[in-house]
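Residue-level structural notes
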Amino acid sequence: MRITMIGTGYVGLVSGACLADFGHRVTCVDTDAGKIAALHRGEMPIYEPGLEQLVETSVKAGRLDFQTDLSGPVAEADAVFIAVGTPSRRGDGHADLSYVYAAAREIAAALKGFTVVVTKSTVPVGTGDEVERIIREVNPSADVAVASNPEFLREGAAIRDFKHPDRIVVGTSEERARKVMGEVYRPLYLNQAPILYTERRTAELIKYAANAFLATKITFINEIADLAEKVGADVQEVARGIGLDNRIGPKFLNAGPGFGGSCFPKDTRALVKTALDHDVPLRIVEAVLAVNDNRKRAMARKVAAAAGGNLRGKTVAVLGLTFKPETDDMREAPSIPLVTGLLDLGARVRAYDPAGMEPAKHDLPNIGYATDPYDCAHGADVLVIVTEWVQFRALDLARLKNEMAHPVIVDLRNIYRRDEMAALGFTYESIGRGA
Ligand code: UDX
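All values derive from a computational prediction rather than experimental measurement.

Taken together, 18 residues are adjacent to the ligand, and Glu-155, Asn-254, Gly-260, Lys-324 and Arg-413 come closest. Taking Glu-151, its side chain carries an N or O atom lying 3.3 Å from an oxygen atom of the ligand. Within the backbone of Glu-155, one N or O atom sits 2.6 Å away from an oxygen atom of the ligand. Notes on the ligand: free accessible area 660 Å², of which the protein chains cover 93%. By residue number, the principal contributor to the shell around the ligand is helix H10 (residues 200–231), which donates three residues. Among the residues making up the shell around the ligand, the classes are represented as nine nonpolar, three polar and six charged.

Structural data, given as structure tokens:
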């Protein structure tokens, strides 16, 4: 198959590299000439484990290349994927689809022969209809089918998720398009990943419903954690106890400082907006968003309480800034409202993150940045674990304690054992472990 991927952001680049790895001939297109030049030099615009190597191998094998002009690659393609950004529109929370529609316009003019145009970007229900309308308006004679093929990639595990998906969702009513998409994903089909063929609007809704459900699951366990703390129960055991029920499942039940990232907050907001537009308010998802926003803000007060109620003039060490481990992504990271709250309460903040410090300097310019976790802890009155990077699980805790002015740890990811921390002489607060 010849595949053209429009957009070399997170989704486009990972998907393009993986599809090339399957043996397809893939061209990734981006209007940002600087980005394409960097990719030609083998430099990745994002941090994703394994991506650089995957790109290098496929480029060397002649299966993957990068261009700024889409006309040639689109004309040759069997399938053109639209994987451009859909940021939250400023002011109203709707997804901004201007990049998607601009791509559709350009693609339309370049189409030759039967082509499946696939929206991979997360787009509100009905966007595929509009993409098809635009293409037929620009190029009435185009032989085209427009499909929806949402992605379910987690940052930090995106390549594994792409190659071992729980399912592939393809939304199109056209048999010809289903055949092309079946070929595109044939290697996965051979891996026995189920392909679910649906109507286009259904596929679009599946993506939003999946993200909203997962965000709900996290928020549910976060509220149970707060209750567990008060009634003297342990949320991790509650999560295990309910997760062993197959109807509930064990995943996404880790209590923490609230969900962040480039997808859950943006997509749940967009879903709530779409639902309101159709006069079907999604009360549960609305509550999830409100609870999650409050939670992120409340974390600074939790730290203050652990430090004796007052942070004025105190030094807080923050370990982990990115919204989750194995990424340098700071988008909607819980660390941002947390650190802002700590500064508002009069604290001095010094932070360390294995990958996110450069991007963090943009969001959090008024704090100190440390060279390693021990340097971060030096002289601190309280230390907060915000992101569960593996290296934080293996710290020399005795050394950490020696660095600190006061041995107080607030662990927002429950990465340490309470009995061990007590034995080491720490005052230790975590999430939902009141037992
Ligand atoms: C998510 C979806 O998982 C993915 O399918 C979709 O395509 C994009 O959005 P991602 O944002 O990369 O992926 O990260 P994910 O691992 O899902 O975590 C999202 C947020 O939820 C993080 O802030 C994480 O810390 C938090 N989380 C996740 C919890 O607090 N507890 C959990 O049990 C799981």
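This is not the end of the story, as more comes after the structure.
What follows is about the UniProt feature "domain: UDP-glucose/GDP-mannose dehydrogenase C-terminal" (unreviewed entry) in the protein chain. Within this numbering scheme, the UniProt entry marks residues 317–418 as carrying the feature "domain: UDP-glucose/GDP-mannose dehydrogenase C-terminal" (unreviewed entry). Taken as a whole, residues 317–418 contains 33% helix and 18% strand, while its terminal C-alpha atoms sit 20 Å from one another.

One pass over the full model with this rule turns up six aromatic pairs. Here the aromatic rings of Phe-259 and Phe-264 are separated by 6.0 Å at their centres, their planes lie at 85°, and the arrangement is edge-to-face. Each member of the pair, Phe-259 together with Phe-264, is buried. Residues Tyr-352 and Phe-392 carry aromatic rings whose centres are separated by 6.3 Å and whose planes lie at 65° to one another, so their mutual orientation is edge-to-face. Residue Tyr-352 is located in strand E10 (residues 348–352), and its partner Phe-392 is located in helix H17 (residues 390–393); the two are separated by 40 residues in the primary sequence. One exposure class covers both Tyr-352 and Phe-392, and it is buried.

Whenever strands of a sheet pair, they do so through backbone hydrogen bonds, lying parallel or antiparallel. Here we have six strands laid out as an open sheet, ordered E11-E10-E9-E12-E13-E14, and parallel in their pairing. Only two strands of the sheet have a single neighbouring strand rather than two, namely strand E11 (368–369) and strand E14 (427–429). Where strand E12 (residues 382–385) meets strand E13 (residues 408–411), three bridges bridge the pair, whose relative direction is parallel. Paired with Leu-383 across the strands is Ile-409, a residue of E13. Packed onto the sheet, helix H13 (residues 283–306) meets strand E9 (315–319), E12, E13 and E14 and runs at close to 155° relative to E13.

A separate point is the confidence of the model for the protein chain. Averaged over the protein chain, the pLDDT score is 96; the fraction of residues at 70 or greater is 100%. ipTM for the predicted complex: 0.98, alongside a pTM of 0.95.

The next thing to look at is the pattern of salt bridges. According to the stated counting rule, one finds 29 salt bridges in the structure shown. The residue Arg-186 makes a salt bridge to Glu-183 at a minimum N-O spacing of 3.5 Å. On the basis of relative accessibility, which here comes to 45%, the residue Arg-186 falls in the partly exposed class. Residue class for Glu-183 comes out partly exposed when judged on its relative accessible area of 32%. A salt bridge links Asp-267 to Lys-266, with the shortest nitrogen-to-oxygen separation between them at 3.4 Å. Note on Asp-267: relative accessible area 2%, which makes it buried. Take Lys-266: its relative accessible area is 17%, and that puts it in the buried class. When salt bridges with common partners are traced through the structure, they connect Asp-129, Glu-132, Arg-136, Arg-200 and Arg-201 into a single cluster.

The next point concerns unusual backbone geometry. A positive phi angle, close to 60°, is found at Phe-252, a residue other than glycine. By the element assignment, Phe-252 lies in the loop between helix H11 (235–243) and helix H12 (264–277). Overall, the relative accessible area of 29% leaves Phe-252 in the partly exposed class.

Moving on, we come to the packing of helix H1 (residues 10–21) against helix H3 (residues 51–60). Put simply, H1 and H3 touch, their axes get as near as 9 Å, and they point 45° apart. Comparing their axes, H3 and H1 come out oblique. The two elements H1 and H3 meet at a crossing, and its hand is left-handed. The residues of H3 that touch H1, namely those facing Leu-13, Val-14, Ala-17, Cys-18, Ala-20 and Asp-21, are Leu-51, Leu-54, Val-55 and Ser-58. Classifying every residue of the contact of H1 with H3 gives eight nonpolar, one polar and one charged.

Here is what the cut-offs are and how they apply
- Residues numbered from 1 in each chain as written.
- Predicted model: local features only at pLDDT ≥ 70, side-chain atom pairs only at ≥ 80, totals over all residues.
- Heavy atoms only, no water.
- Near = heavy atom within 4 Å.
- Polar contact = N/O pair within 3.5 Å; in protein donor to acceptor, adjacent residues only side chain to side chain.
- Areas by Shrake-Rupley, 256 points an atom, 1.4 Å probe, with all protein chains shown as cover.
- Helix = DSSP H or I, 4+ residues; strand = E, 2+ residues; numbered from the N terminus.
- Nonpolar A, V, L, I, M, F, W, Y, C, P; charged D, E, K, R; others polar.
- UniProt positions renumbered as here; feature names shortened; annotations may be inferred.
- Phe/Tyr/Trp six-rings, centres within 6.5 Å; stacked < 30°, edge-to-face > 60°.
- Buried < 20%, exposed > 50% of the residue type's maximum accessible area, 1.4 Å probe, protein only.
- Pairing = 2+ DSSP bridges.
- Contact = heavy atoms within 4.5 Å.
- Axes fitted to C-alpha atoms, helices over the stretch in contact; angles between N-to-C directions.
- pLDDT = per-residue confidence, 0-100.
- Salt bridge = Lys/Arg side-chain N within 4 Å of Asp/Glu carboxyl O.
- Parallel < 35°, antiparallel > 145°, perpendicular 65-115°, else oblique.
- Left-handed = near helix turned anticlockwise from the far one by under 90°.

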